[in-house]
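# An overview of the molecular structure
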Amino acid sequence: MNPELCVVGVDFGTLSGRAVVVRVRDGAELASAEHLYAHAVLDRELPDGTPLPADWALQVPADWVEVLRTAVPEALAAAGVRAEQVVGIGTDFTACTVLPVLADGTPLCELPAFAARPHAYPKLWKHHAAQGQADRINALAAERKEAWLERYGGKVSSEWEFAKALQVLEEDPEVYRRTERWLEAADWIVWRLCGRYVRNACTAGYKGQYQDGRYPSSEYLAALHPDFAGFVADKLEQPIAQLGDRAGGLTAEAASWTGLAEGIAVCVGNVDAHVTAPAAVAVEPGQMVAIMGTSTCHVMSSDRYGTVPGMCGIVDGGILPGLWGYEAGQSGVGDIFGWFVRTGFPAEYAAAAEAAGQDPHAHLTALAARQKVGEHGLVALDWHSGNRSVLVDHDLSGVIVGQTLATRPEDVYRALLEATAFGTRTIVEAFETAGVPVRELIIAGGLTRNALLMQIYADVTRRPLSLIGSTQGPALGAAMHAAVAAGAHPDIRTAARAMGKVERGVYLPDPHRAAAYDRLYAEYRTLHDYFGRGANDVMHRLRRIRTEAS
Ligand SMILES: Nc1ncnc2c1ncn2[C@@H]1O[C@H](COP(=O)(O)OP(=O)(O)O)[C@@H](O)[C@H]1O
Ligand SMILES: O=C(CO)[C@@H](O)[C@@H](O)COP(=O)(O)O
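Residues numbered from 1 in each chain as written. Chains lettered and ligands numbered in written order. Predicted model: local features only at pLDDT ≥ 70, side-chain atom pairs only at ≥ 80, totals over all residues. Heavy atoms only, no water.

Given 3.6 residues per helical turn, the α-helix brings residues three or four places apart onto the same face. Here helix 1 (residues 61-79) contains 19 residues, and its C-alpha end-to-end distance of 27 Å stays within 8% of the 27 Å for a straight helix at 1.5 Å per residue. Of all the bends in helix 1, the greatest measures close to 25 degrees and is centred on valine 67. Those residues of helix 1 that sit buried are Pro61, Asp63, Trp64, Val65, Val67, Leu68, Ala71, Val72, Ala75, Leu76 and Ala79. (Helix = DSSP H or I, 4+ residues; strand = E, 2+ residues; numbered from the N terminus. Expected span 1.5 Å × (residues − 1). Bend = angle between axes of the 7 residues up to and from the residue. Buried < 20%, exposed > 50% of the residue type's maximum accessible area, 1.4 Å probe, protein only.)

Structure follows, in structure tokens:
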């Protein structure tokens, strides 16, 4: 193999896109570049000032294209790599991030007539305003005993393709009528790169309810809403390609944006979480990868089929060919810590952090690290962005129990770190109880930089933590899939062994702290079931009161 061959991976995250130039031979990351989306997340208003209701989260497609025009050439230049050395480009995206387009791929929000229509914009994964539609999708599927429902742990999420599309139909029927294709951003960006719309098997399965070669039937869709009957045939259906397949060759236009050579392999789209598994060399059954950032996704391949209540989905070959791919997740993790830093970080703490040269997270983490387990007297529920697994309810909200006049910011911060660890333990236990063993826990994502958080996860789960050996896991995974699409590696397992990076046993559980956490976890589970399983519906009532008041 030519040792100089390279591939480019581009990770489209929540706030930015990151491009990495990777050597095919050994996965060396030669250089990377980041481009922040100019419009970030539209959660209060459209670019023209049109206000948005609560729980909305939109994006602007031109921001994604800008990543191709800026981050890719910057990364290439920084790597000192010539275009001729690069044999392929692969991408990954947040999901389900989904948008309405015309038949030629033009986003509806780019048509002047629709620029002020919120439903014409891409709905970001964390757009949680379609919970009502998701509830009806679930109730009807349960009533009709739809076979696909068990593949989603008994409930599909409001974050996914059908709930979001139904919301468009019901709230802006004109936008729905003009929508010629309803597609994942993961596939839209590949379309922009190679000029072909190919639907990827990962989002089709996890976010598009495509199971065993079919979507939910038109009879079922008609029972949801008569005008929804043709949704699959008219707007969704598209040939599906497997992960690591070549979607097409780079177009002349995309070559001019990126500085790459026209015609090189463009890999089929993929999801940020799923693509990270091979980047962390998680290619064997039972290796769970938790990608921890704004949110956490838990992905795992297994040779066992089990219906795990409240997981996001199980898709045949959804992560790796030949194995069942499982996904579960927590909708808010880093986002919750970020919310607390924005709202609960007093001026005297800011001054102390500045004097110590620490950012607010590092400052609160350093203070929280001085405490013994349980010393703050708090337990929290990590539902500030709803609950994706195992309750699948985005109308749930956060709770902190035990606050007194002596409670300090670092106490609450630590309780929030712990709450997310309890959420992960709840997910791991759901898998094991369902007979799907979790043999190893590997952590990836930006939050690996918080050593206290990592130690808490090891203690709470009573497991040694392996860490991915890259700060750009999704982009590395996307690049590995590009290497497969370009024929530089025969399959993703071979690519993972050559290019992936993992370090084992980086954090080990401490038995004393683990025992102390067992007691707090028991409290967490009590609150979890009390507020989350209907004993006290206060969170739903408050949400209704909020809607009526606004
Ligand atoms: N040191 C830290 N400890 C805990 N959380 C942090 C820290 N630094 C940033 N965060 C939070 O992590 C999130 C960013 O995670 P990151 O992995 O960088 O991004 P993304 O999920 O978009 O890829 C933000 O929500 C931020 O509030
Ligand atoms: O839900 C998925 C994947 O299924 C993620 O794309 C979504 O949680 C966003 O991930 P980030 O927190 O931005 O890394």
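There's plenty left to go through after this.
Before going further, it helps to examine the UniProt feature "domain: Carbohydrate kinase FGGY N-terminal" (unreviewed entry) in the chain. Those places that UniProt annotates as "domain: Carbohydrate kinase FGGY N-terminal" (unreviewed entry) correspond, in this numbering, to residues 7-276. Structurally, residues 7-276 comprises 33% helix and 18% strand, and the distance from its first C-alpha atom to its last is 16 Å. (UniProt positions renumbered as here; feature names shortened; annotations may be inferred.)

This part takes up unusual backbone geometry. A cis amide bond, omega 0 degrees, links alanine 95 with the succeeding residue cysteine 96. As for its position among the elements, cysteine 96 is in the loop between strand 4 (86-93) and strand 5 (98-101). Positive phi, normally seen in glycine, also occurs at aspartate 212, with a value near 50 degrees. By the element assignment, aspartate 212 lies in the loop between helix 6 (201-206) and helix 7 (218-224). Given a relative accessible area of 52%, aspartate 212 falls into the exposed group.

Let us now look at the domain arrangement of the chain. Domains assigned within the chain are domain 1 (6-267) and domain 2 (282-468 + 510-550). Contact with domain 1, which involves 24 residues of that partner, is made by 30 residues of domain 2. If you sort the residues of domain 1 by the area they bury against domain 2, Gln131, Arg151 and Tyr206 come out on top, with a joint share of 29%. Here domain 1 and domain 2 share five salt bridges between them. Here domain 1 and domain 2 share 16 residue pairs in polar contact (both at pLDDT 80 or more) between them. A total of four residues in the side of domain 1 that touches domain 2 trace back to one element, the largest contributor, which is helix 6. In terms of residue class, the side of domain 1 that touches domain 2 is built from nine nonpolar, eight polar and seven charged. (Domains from an automatic or database assignment. Contact = heavy atoms within 4.5 Å. Buried area = accessible area lost by both parts, 1.4 Å probe. Salt bridge = Lys/Arg side-chain N within 4 Å of Asp/Glu carboxyl O. Polar contact = N/O pair within 3.5 Å; in protein donor to acceptor, adjacent residues only side chain to side chain. Nonpolar A, V, L, I, M, F, W, Y, C, P; charged D, E, K, R; others polar.)

Thr294, Gly334, Gly446, Arg449 and Asn450 are the nearest of the 13 residues found near ligand 1. Threonine 294 places a main-chain nitrogen or oxygen 2.7 Å from an oxygen atom of ligand 1. Arginine 449 is positioned with one of its side-chain polar atoms (N or O) 3.1 Å from a nitrogen atom of ligand 1. Protein contacts shield 76% of the accessible area of ligand 1, which totals 580 Å² for the unbound molecule. The element best represented in the shell around ligand 1 is helix 11 (residues 334-343), accounting for four residues. Looking at the shell around ligand 1 residue by residue, the classes come out as three nonpolar, seven polar and three charged. (Near = heavy atom within 4 Å. Areas by Shrake-Rupley, 256 points an atom, 1.4 Å probe, with all protein chains shown as cover.)

The next thing to look at is the packing of helix 12 (residues 347-356) against helix 13 (residues 360-368). Between two packed helices, the angle of one axis relative to the other and the distance separating the axes together describe the packing. Between helix 12 and helix 13, the least distance of the axes is 9 Å, while the angle of their chain directions is 95 degrees. With respect to their mutual orientation, helix 12 and helix 13 come out roughly perpendicular. Contacts between helix 12 and helix 13 involve Tyr349, Ala352 and Ala353 from the former and His363, Leu364 and Leu367 from the latter. Counted by class, the contact of helix 12 with helix 13 contains five nonpolar, one polar and no charged residues. (Axes fitted to C-alpha atoms, helices over the stretch in contact; angles between N-to-C directions. Parallel < 35°, antiparallel > 145°, perpendicular 65-115°, else oblique.)

With respect to the element layout, glutamate 418 can be found in helix 14 (residues 409-433). Classification of glutamate 418 by relative accessible area gives buried; the value is 1%. Setting aside chain neighbours within four positions, we find glutamate 418 in contact with His376, Ile456, Tyr517 and Leu520.

For the rest of this paragraph, the subject is the site of ligand 2. The immediate surroundings of ligand 2 are formed by 13 residues, with Thr14, Ala95, Lys207, Ser295 and Glu327 found nearest. Serine 295 places a polar side-chain atom, nitrogen or oxygen, 2.7 Å from an oxygen atom of ligand 2. Here an oxygen atom of ligand 2 and a side-chain polar atom of arginine 388 are 3.1 Å apart. Notes on ligand 2: free accessible area 370 Å², of which the protein chains cover 92%. When grouped by side-chain class, the residues that make up the shell around ligand 2 number four nonpolar, five polar and four charged. Domain assignment of the residues forming the shell around ligand 2 places at least three in each of domain 1 (6-267) and domain 2 (282-468 + 510-550).

Moving on: the nonpolar core. The biggest cluster of nonpolar side chains holds 65 residues, and the ones touching the most others in it are Met292, Phe431 and Leu465. Here this core takes 12 residues from helix 14, the largest share from any one element. Not counting the four nearest positions on each side in its chain, phenylalanine 431 is found in contact with Met288, Met300, Val308, Tyr326, Ala328, Val436 and Val438. Listed in part, the 45 residues of the second largest apolar core include Trp64, Leu183, Ala186 and Trp191. (Core = buried A, V, L, I, M, F, W, Y, C linked by side-chain atoms within 4.5 Å.)

Next up on the list: the pairing of strand 3 (residues 29-36). Both strand 2 (residues 16-23) and strand 3 contribute to a ladder of seven bridges, which runs antiparallel. Bridge assignment links valine 22 to a residue of strand 3, and that residue is glutamate 29. Counted between consecutive antiparallel strands, the loop separating strand 2 from strand 3 contains five residues, among which glycine 27 sits at a positive phi close to 75 degrees. (Pairing = 2+ DSSP bridges.)

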